[in-house]
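Here's the letter readout for the chains.
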Amino acid sequence: MNKHLSLTFTRPLMLLAAAAICACSKDSKMTFVAPDDIRITVDAVPFSTNDGNTFPTFGISGTEMTAGLYATADGRILEGYDNIPVTIQPSGETFTCTLPASGDGYPDNTLYFIYYPYVESQTYGCDATAQTPSQFFAELASNWNVSGDQSTIESVETSALMYSSAFMSEGSAHFSMEEAMSLIQFEVPSTKYEFTNTSPEIPDYTVRTQAAFTGSIPYSDGNAFFMIANPFSATLPSGNYGDIQWQCEGPTVSGETTTTVIGNGMEVIKHQLSYGDFFLADGNLLSKDAPAEEVSAAPVVGMVFQFDPERIGSGEKEALGGTAHALVVSCRTAGGENALYKWYDNNGESSRDETEIGLENIYDENDAYKTYEMADGDIEGYRNNMLIREKRSEDYANGCYPAFKAAEDFISEAGTLQTTGTTGWYLPSNGQWFDILRNIGGADMYSGSNFVDWGYGDFYWENLGNIPLAMDNAMEKVSQDRKTSFYIYSYHWTSSAASESGARYLDFYDDGTAFCNNLPKSHADPIRCVLAF
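Every chain is numbered independently, its residues counted from 1 as its sequence is written. Under the rules for a predicted model, residues below a pLDDT of 70 receive no local features and side-chain atom pairs below 80 are neither given nor counted, while totals for whole chains, interfaces and linings still include all residues. Side-chain metrics rest on all non-hydrogen atoms present in the structure, leaving aside hydrogens and water.

Asker: Which parts of the structure should I look at to understand the overall build of the chain?
Answerer: Segments assigned H or I by DSSP are reported as helices when at least four residues long, segments assigned E as strands when at least two residues long, and all are numbered from the N terminus. Within the chain, the regular secondary structure consists of 12 helices and 36 strands. The globule rule used for comparison is 2.2 Å times the number of residues to the exponent 0.38, while the radius of gyration itself is calculated over C-alpha atoms. The C-alpha atoms of the chain give a radius of gyration of 31 Å, which is well past the 24 Å a tight globule of 533 residues would have. Contacts: residue pairs with any heavy atoms within 4.5 Å of one another. Put simply, 68% of the contacts in the chain that link residues at least 6 apart link residues at least 24 apart. Residue burial considers only the protein chains on display, and all accessible areas are found by Shrake-Rupley using a 1.4 Å probe. Entry remark: accessible area of the chain is about 22,900 Å², with carbon and sulfur atoms responsible for 46%. His is not counted here, nor are the chain ends, while Lys and Arg score as positive and Asp and Glu score as negative. Where a charge lies is defined by one atom per residue type, namely NZ (Lys), CZ (Arg), CG (Asp) and CD (Glu). For the chain, the separation between the mean place of its 28 positive charges and that of its 72 negative charges on side chains is 2 Å.

Asker: Got a minute to help me understand the layout of surface pockets in this structure?
Answerer: Over the atoms, a rolled probe matching the size of one water molecule traces out where space is still vacant. In the cavity and pocket records, a cavity denotes points on a 1 Å grid over the protein atoms alone where a 1.4 Å probe fits but cannot get out, a pocket denotes an open set with protein on both sides within 12 Å along at least 5 of 7 lines, and lining residues are residues with an atom within 4 Å of a point. Grid points are joined across faces, edges and corners, and a volume is the space filled by probe spheres set on the points. Roughly 1,100 Å³ of volume is contained in the largest pocket. Along the walls of the largest pocket sit 38 residues, with T206, R208, G222, N223 and A224 positioned nearest its centre. Elements supplying a minimum of two residues to the lining of the largest pocket: β6 (54-55), β15 (182-187), β16 (190-195), β17 (205-208) and β20 (225-229). For the lining of the largest pocket, the element with the highest residue contribution is β17, accounting for 4 residues. Residues are grouped as follows: Ala, Val, Leu, Ile, Met, Phe, Trp, Tyr, Cys and Pro are nonpolar; Asp, Glu, Lys and Arg are charged; every other residue, Gly included, is polar. Tallied by class, residues from the lining of the largest pocket come to 14 nonpolar, 18 polar and 6 charged. Counting residues per element, the ones that place at least two in the lining of the second largest pocket are β7 (65-73) and β12 (110-116).

Asker: Teacher, can you tell me more about the state of the cysteines here?
Answerer: Each disulfide consists of one covalent bond between the sulfur atoms belonging to two cysteines. Note on disulfides: each one is a pair of cysteine sulfur atoms within 2.5 Å. With the rule as written, the count across this model stands at 0 disulfides. Here C516 is not cross-linked by a disulfide; its sulfur's nearest cysteine counterpart is in C529, at 19 Å. Relative accessibility decides the category of a residue: with a 1.4 Å probe and only protein chains considered, values under 20% of the type maximum give buried, values over 50% give exposed, and everything between is partly exposed. When its relative accessible area of 0% is taken as the criterion, C516 is described as buried.

Asker: Would you explain the sheet that holds strand β22 (residues 244-247) in this entry?
Answerer: Sheet strands line up and pair through hydrogen bonds in the backbone, either parallel or antiparallel. If DSSP finds at least two bridges between two strands, the strands pair. Across the sheet, 3 strands lie side by side as β18-β21-β22; this open sheet has antiparallel pairing. Here the strands that pair on one side only, and so sit at the sheet edges, are β18 (213-215) and β22. Across the sheet, the mean angle separating the axes of adjacent strands is 30° when strand polarity is ignored. As defined by bridge partners, β18 adjoins strand β21 (residues 238-241) across 3 bridges and the pair is classed as antiparallel. Opposite F213, over in β21, you have Y241 as the bridge partner. What counts as an axis is a line fitted to C-alpha atoms, over the stretch in contact for a helix, and the angles between N-to-C directions run from 0 to 180 degrees.

Asker: Any chance you could explain helix α12 (residues 467-474) here in plain terms?
Answerer: Note on helix geometry: an α-helix contains 3.6 residues per turn, so any two residues three or four positions apart are oriented the same way. By the burial criterion, the buried members of α12 are I467, P468, M471 and D472. End-on, the buried residues of α12 take up no more than an arc of 130°, which puts them together on one face. Two or three places before L469, at the opening of α12, N466 has a side-chain oxygen 3.0 Å from that residue's backbone nitrogen. By definition, the arc is the one covered by directions from the helix axis to the C-beta atoms. Here a polar contact is taken to be a pair of N or O atoms separated by no more than 3.5 Å, where protein atoms must pair a possible hydrogen donor with a possible acceptor and residues adjacent in sequence count only if both atoms sit in side chains.

Asker: Explain the packing of helix α6 (residues 368-377) against helix α11 (residues 430-439) here, please?
Answerer: For any two helices packed against each other, the geometry is given by the interaxial angle and the distance between the axes. At a minimum axis distance of 5 Å, the contact between α6 and α11 shows a crossing angle of 85°. The orientation of α6 with respect to α11, classified from their angle, is roughly perpendicular. Listed contacts from α11 to Y372, A375 and D376 of α6 are N430, G431, F434 and R438. Split into classes, the residues belonging to the contact of α6 with α11 amount to 3 nonpolar, 2 polar and 2 charged. Reported orientations rely on four angle classes, namely roughly parallel under 35 degrees, roughly antiparallel over 145, roughly perpendicular from 65 to 115, and oblique for the rest.

Asker: Looking at this structure, I do not really get the side chain of S499. What am I missing?
Answerer: You can see S499 is positioned in the loop between β32 (491-497) and β33 (502-508). Residue S499 is classed as buried on the basis of its relative accessible area, which comes to 17%. A polar contact is formed between the side chain of S499 and the backbone nitrogen of G502, at a distance of 3.0 Å. Leaving out residues up to four positions away in the same chain, S499 has contacts with R352, N361, N518 and K521.

Asker: What am I meant to see in the environment of P309 here?
Answerer: Residue placement: P309 occurs in the loop between β27 (300-306) and α5 (314-319). Judged by relative accessible area, which is 33%, P309 ranks as partly exposed. The residues contacting P309, other than those within four sequence positions of it, are P200 and K317.

Asker: Where do I start with the environment of F434 in this structure?
Answerer: Counting through the fold element by element, F434 comes out in helix α11. Since its relative accessible area comes to 0%, F434 is described here as buried. Sequence separation of F434 and D378 is 56 residues, and the distance between their C-alpha atoms is 10.0 Å.

Asker: Help me out: how do you make sense of the packing of aromatic side chains in this one?
Answerer: Within a pair of aromatic rings, the relevant descriptors are the distance that separates the centres and the angle that separates the planes. Stacked, tilted and edge-to-face are the three classes applied to pairs of Phe, Tyr and Trp rings, where Trp contributes its six-membered ring and a pair requires centres within 6.5 Å; stacked means planes under 30 degrees apart, edge-to-face means over 60, and tilted covers the rest. All told, the structure shown has 47 aromatic pairs when counted by the stated rule. Grouped by ring-pair contacts, the aromatic residues Y70, F113, Y115, Y118, F136, F137 and Y163 constitute a single cluster.

Asker: Sorry if this is basic, but what is going on with unusual backbone geometry here?
Answerer: Trans peptide bonds make up the majority, and among non-glycine residues the majority have a negative phi. Residue P117 is reached from Y116 by a cis peptide bond, and omega for that bond is 0°. Here P117 shows up in the loop between β12 and α1 (133-136). Between G250 and P251 the backbone carries a cis peptide bond, its omega angle lying at -5°. Note on placement: P251 falls in the loop between β22 and β23 (257-261). Unlike most non-glycine residues, D74 shows phi in positive territory, near 55°. Here D74 shows up in the loop between β7 and β8 (76-77). The phi dihedral of N463 is positive, around 55°, even though this residue is not glycine. For N463, the position within the fold is in the loop between β31 (458-461) and α12.

Structure below.
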C-alpha cells in the first residue's frame, strides 16, 4: 500500500521575517519564496513484491531523515542551491521538514530535484539539463553503495536510494519518490502447505528450512527475505544460506523486484488438514494416515487438535501476526512419566486471586451448567500463560507457578522446535482440553444427556467411550520415546483458574467417564502442552 507523506517545510527560528515573494537582486526574472510559505508534499511508491505485497523503504526506520535538494534553471544548478540538507522528522502520518536558512529564500517557478538518503560529501556530478530524476542523479545512482549486511531495517533504508523531481510554483510542489535501486526477493528452501480444507478454509502455511545467511545478508520481515541491489553495478549480491551457495542473477531494474531461488526453493504441498495429523519439530506436517514407518522415523512432537478459527484464541492469533492455522497437543507429558507439578505454590501458600491480572475464575458453585459454559468458552490458553509469565514475572521466575514454567520449558524435552512459526509450548486452557478430547479422542463432551451435575459447580460425563485408548491409538505410529501413554496419567492441569485457591483440571478414564472439577492449586498433577502454528 502506498504511503502518502505530507511534508511541511519550515525555516529555523533564527531567520528574520521575510516577504512571501521577493525580487532577486541577482536575477530580475527570478522570484523567491520565503521558507515559511513553502508547502511541499511527498509520497513514496514502495516496491511491489512477488507475493502481491509491498516493500517500502522510505521512512521505515521511524527516525529523523535527511534528504538532499537541488534547484535548477536554464540548464544549470543554481548557486547555493545544490545538495541542501532537508531534515525530515517523522510524526505519525505527517513529516515535518526544515529547510536551512537562505538569505533570498528559495527560487519559485523552478525545477527541483531531491534524493534520499542524504550524503554530505556528495561529489558525483548531476546533469543540470535533465528533466527526470533518473537522468539528473545518474552518476550518483551508478556509484551508490548498498550495504552487504542488510539484516536491519536501518541498513535497508540507507541502501535504498530514492529520488524525485518537482516544479515549484507559488511556493508549492509535490515530490513522488522513485526507487533508484532494485529489490531482490529470496526464495529459500521451504515447504508451503496449501490446505484444501473448505469448511473452514485455512490460510497457506509456509515452513522454511532454518539456516543462516553469510556473505551478503538480506533483511527478513518474518515471512520473506529481501535485499536492495544496485542495478547499475556489475557485481550483484552473493553468499551462502547454510551450506548452499547462491548468486543473484542480473540484470536487475530500478524500482523492480526480481527473485533469487536458493537451492530447490519452495516445495508446494496440497494438504487436507485433519485432526490427529502429526506436527514435527521442524514445523512440517505428516498426515495421520501416513505409513507407520514414516511417522515412527519422524521427529513428531504433537498432534493437530483444532483448526476452527472460532475455537482458536485471540492470544494465539495475535502472537502469530493475526493468523493461527491450528493448535497442537504434545504427545509427551512434560518432565516425563513421573513428573507432577503444582499450579501455584509460594512456600506452602497456594491461594492467590488471579483475576487481579486478568484471568477469569471458571466456576459457579451453584450452577454446573454455567460452569461448563464458562469452561468451554475459555479457549485463551496462550493469553492465560502470558498473563502469568508477565504479570507474575517475579514469582514465576522464583518457581511459584511450576505447571506453567514446565510448559514453557517443554521445548527442551520435546526436541527443539526448528521453526519460528509457532507460539512455543504453553499450558492449555479448559476449553482447549475439551477440544483435544473431542477432536482426537472422539469424546461427546457437551452439556447433553450424558452430562452430570456433580454438585458445587463440578460436573462429569458418562458413556464417552474409552478416551485413554482413543488418544493412545491416535499416536500409535509415533516412536515410543516421543510419547507418553494417556493410560499412565489421564488427569491433567489446565491454565484456567477456578477461584483463589483452585484451578480447573480434567480427569478421564477407560470406563467412559470424564470429570472437570475445581482442584486445589497446591495439588501436583501432570501436564501436556499445546502450541499454535
